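# Structural features, examined
Letter by letter, the chains look like this.
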Amino acid sequence: MTAATDPADANPADVRAVAVRLLARREYARQELGRRLTRRGFPEAVVETVLEALVAEGLLSDERFAESFVRAKAD
């Protein structure tokens, strides 16, 4: 997606690219990642579709997020 592209016109590949970039930095809970994507202007329906696919592929996991969060707080 180019800078001139309106996020509201984004297709699932655009949303997925942003989501994967965010997940590459750290784990996110599904709800948190969804909020971040919709705040960027992506349509909720597309965001939900992408989140479901990421969960199915094992790239997004609330359980893994919780484990990471607990480890970070324990240090």
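The coordinates are above.
All of the points below concern the structure found in this document. (Residues numbered from 1 in each chain as written. Predicted model: local features only at pLDDT ≥ 70, side-chain atom pairs only at ≥ 80, totals over all residues. Heavy atoms only, no water.)

### Things to note about the nonpolar core
Ranked by size, the top nonpolar core spans 16 residues in total, and within it Val15, Leu33, Leu37, Phe42 and Leu54 carry the most contacts. Secondary structure elements with two or more residues in this core: α1 (12-25), α2 (30-39) and α3 (44-57). Contact partners of Leu33, with chain neighbours within four places excluded, come to Ala19, Leu22, Leu23, Tyr28, Leu51, Leu54 and Leu60. (Core = buried A, V, L, I, M, F, W, Y, C linked by side-chain atoms within 4.5 Å. Buried < 20%, exposed > 50% of the residue type's maximum accessible area, 1.4 Å probe, protein only. Helix = DSSP H or I, 4+ residues; strand = E, 2+ residues; numbered from the N terminus. Contact = heavy atoms within 4.5 Å.)

### With respect to the side chain of Ser61
Take Ser61: it is sitting in the loop between α3 and α4 (62-74). At a separation of 3.0 Å, a polar atom in the side chain of Ser61 contacts the main-chain amide nitrogen of Arg64. (Polar contact = N/O pair within 3.5 Å; in protein donor to acceptor, adjacent residues only side chain to side chain.)

### Observations regarding α2
Listed in full, the buried residues belonging to α2 are Leu33, Gly34 and Leu37. What you see down the axis of α2 is that its buried residues fit within an arc of 100 degrees, all on one side. Facing away from the buried side of α2 by more than 90 degrees, the exposed set consists of Gln31 and Arg39. As for α2, its buried residues are in contact with α1 and α3. One or two residues past the end of α2 sits Gly41, with phi positive at roughly 100 degrees. (Arc of directions from axis to C-beta.)

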